Amino acid sequence: MLIKYGLCYNSGVDIKKLIKPNIRALRAYQAEEIPCRIKLDANESPYSAISSQSGSTRTEQSAVSFKNNLQTLNRYPDPQATTIRKLIAKELKVKPQNILHGNGSDELIYNLISVFGGPVLYPGPTFSMYGIISQALGEKKVEVPLDNKFDLDVKKMLAAIKKYKPKLVFLSSPNNPTGNCFSEDRILKIIRQSKGLVIVDEAYQPFSDKKSFVPLIRKYKNLVILRTLSKIGLAGLRVGFMITGPDIINEVNKVRLPFNVNVLSQKVASEALQNRRQMKSDIRAIISGRKRLYKELSEMDGVIPYPSDANFIFFKVEDGNRIYGGLLDKGVLIRNMNSVGDGFLRVTIGTPQENEIFIKTLKQVL
Ligand SMILES: *Cc1c(COP(=O)(O)O)cnc(C)c1O
């Protein structure tokens, strides 16, 4: 018998009332697809780390391995992701026991907050997921404003650490959305004075010439580093890593879902990690694109770009909403950062052609 939806409902159920208050108050991460000609809003790489436009051999190779892997899709993936953990360990000069894999580093942020709980402390403005996940898990969150150079306000941070005793401190360095790295000595002060974990999120480290904090995991047992393949050409795979001591990894492993990184993602990630040449040259191309774009922006009247160690540039204009809308009307999608303050925008570095169209269009809209 066919029961039509609408004829058969239970009027006693009020879904809204069933939702936990912390979730009811939460706004979902803004990740809707906005149709556009040029997409410069999400800090993805304009180059795919696997099927490069230039290298037909690489495309053929991945097509072959893709087919081979379709034949093994009846099996669960390697729960330990042994191959990709080994490859990342080798690259970062740590041991595979120092690496834990996530379905994107977002998942590892979720797992860390599940295991350790709050309070969760972070500077602001920063990556929105630290706050969103804390609230989703019902944990207290504390945001401490950055100083006027978007660097850590060490005094305020240390005072907040003393007052709230956070279990977790998240530092995105380079910071999303401001683009700068935090001063090394300020990060170190926070690591040394925290009784909880300090997570240095190095999602954009490959675009920076500042030192990585990875080697310091041997020295500070409360230090955790996050890395991801998402910003270096493989956002579609959802593969991220946590680098820290085995004590923390063993605890986080208890809440990690067993098969969190699927067969295809493991295979493609391992191929990409074994062939770093293309990835490295793509990163270099993005860095030189950033330098050009920064120069162009700083020469424009009414535009203030901020120095960037990442694959995007944070900048300020007089009327951000108008500029954002004007660009979008012409098919160029960037990120409106009006949640940070009036006039703030963020543009991802694209291909040289995309960057040029962005600059030309911005000049028209201004
Ligand atoms: C994009 C981003 C991430 C998320 O990376 P995934 O691995 O794609 O989940 C983490 N941290 C920061 C600061 C980011 O900007």
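(A) Seen up close, the domain arrangement of the protein. You can read the domains of the protein as domain 1 (38–45 + 277–365) and domain 2 (80–274). Each side of the interface is counted separately: domain 1 has 20 residues, and domain 2 has 23 residues. Taken as a group, M279, I283 and D309 account for 37% of the area that domain 1 buries against domain 2, more than any other trio of residues on that side. The interface formed by domain 1 and domain 2 holds seven residue pairs in polar contact (both at pLDDT 80 or more) in total. Contributions of two or more residues to the side of domain 1 that touches domain 2 are made by α11 (276–298), β10 (312–316) and β13 (344–348). The leading source of residues in the side of domain 1 that touches domain 2 is α11, at five residues. Among the residues forming the side of domain 1 that touches domain 2, the class breakdown is twelve nonpolar, four polar and four charged.

(B) Looking closely at the packing of aromatic side chains. Inspection of the entire model under this criterion finds eleven aromatic pairs. A centroid spacing of 6.2 Å and a plane angle of 50 degrees characterise the contact between Y122 and Y130, whose relative ring orientation is tilted. On the basis of relative accessibility, which here comes to 6%, the residue Y122 falls in the buried class. Here Y130 falls in the buried class, since its relative accessible area comes to 0%. Seen from their ring centres, F315 and F358 are 6.3 Å apart, and the 70 degrees between their planes marks the pair as edge-to-face. Taken together, the residues span a long stretch of sequence, with F315 in strand β10 and F358 in helix α13 (residues 352–365) at a distance of 43 residues.

(C) Examining helix α5 (residues 105–116) more closely. For α5, which comprises twelve residues, the first-to-last C-alpha distance of 16 Å matches the rise-based estimate of 16 Å (1.5 Å per residue) to within 8%. Inspection of α5 places S105, E107, L108, I109, N111, L112 and I113 among the buried residues, and these make up the whole buried set.

(D) Fine view of the nonpolar core. In this structure, L171, I190, L297, I334 and F358 are the most contacted members of the largest nonpolar core, which totals 83 residues. Looking at this core element by element, the count peaks at six residues for α11. Mapped onto the domain boundaries, this core takes at least three residues apiece from domain 1 (38–45 + 277–365) and domain 2 (80–274). If near-sequence neighbours (up to four positions away) are discounted, F358 is found in contact with L40, L293, L297, F315, L327, V332, I334 and V347. L108, V120, F170 and V224 belong to the second largest nonpolar core, which has 22 residues in total.

(E) Representation of the site of the ligand in the model. The environment of the ligand is formed by 14 residues, the closest being D201, Y204, T228, S230 and K231. D201 is positioned such that a nitrogen or oxygen atom in its side chain is 2.6 Å from a nitrogen atom of the ligand. In this structure, an oxygen atom belonging to the ligand sits 2.6 Å away from a side-chain N or O atom of Y204. Here the ligand is seated within the largest pocket. The residue inventory of the shell around the ligand, partitioned by class, reads four nonpolar, six polar and four charged.

(F) Spatial organisation of the pattern of salt bridges. Within the structure shown, the criterion is met by 15 salt bridges. When the shortest N-O distance is used, the salt bridge between K39 and E44 registers 3.2 Å. Judged by its relative accessible area of 34%, K39 falls in the partly exposed class. A relative accessible area of 31% means that E44 is categorised as partly exposed. A salt bridge links D147 to R186, with the nearest nitrogen and oxygen atoms 3.1 Å apart. Here the residue D147 occupies a position in the loop between β4 (141–145) and α7 (154–164), and R186 occupies one in helix α8 (residues 184–193), the gap between them amounting to 39 residues.

(G) Summary view of the packing of α5 against helix α9 (residues 246–255). The interhelical angle for the contact between α5 and α9, taken along N-to-C directions, is 100 degrees, at an axis separation of 9 Å. Here α9 runs roughly perpendicular to α5, going by the angle between their axes. Between α5, through N111, L112, V115 and F116, and α9, the contact on the second element is made entirely by I248, E251, V252 and V255. Here the contact of α5 with α9 is built from residues that sort into six nonpolar, one polar and one charged.

Calculation notes
Residues numbered from 1 in each chain as written. Predicted model: local features only at pLDDT ≥ 70, side-chain atom pairs only at ≥ 80, totals over all residues. Heavy atoms only, no water. Domains from an automatic or database assignment. Contact = heavy atoms within 4.5 Å. Buried area = accessible area lost by both parts, 1.4 Å probe. Polar contact = N/O pair within 3.5 Å; in protein donor to acceptor, adjacent residues only side chain to side chain. Helix = DSSP H or I, 4+ residues; strand = E, 2+ residues; numbered from the N terminus. Nonpolar A, V, L, I, M, F, W, Y, C, P; charged D, E, K, R; others polar. Phe/Tyr/Trp six-rings, centres within 6.5 Å; stacked < 30°, edge-to-face > 60°. Buried < 20%, exposed > 50% of the residue type's maximum accessible area, 1.4 Å probe, protein only. Expected span 1.5 Å × (residues − 1). Core = buried A, V, L, I, M, F, W, Y, C linked by side-chain atoms within 4.5 Å. Near = heavy atom within 4 Å. 1 Å grid on protein atoms, 1.4 Å probe; cavity = no way out; pocket = protein on both sides within 12 Å on 5 of 7 lines; lining within 4 Å. Sits in = over half its atoms within 2 Å of the grid points. Salt bridge = Lys/Arg side-chain N within 4 Å of Asp/Glu carboxyl O. Axes fitted to C-alpha atoms, helices over the stretch in contact; angles between N-to-C directions. Parallel < 35°, antiparallel > 145°, perpendicular 65-115°, else oblique.

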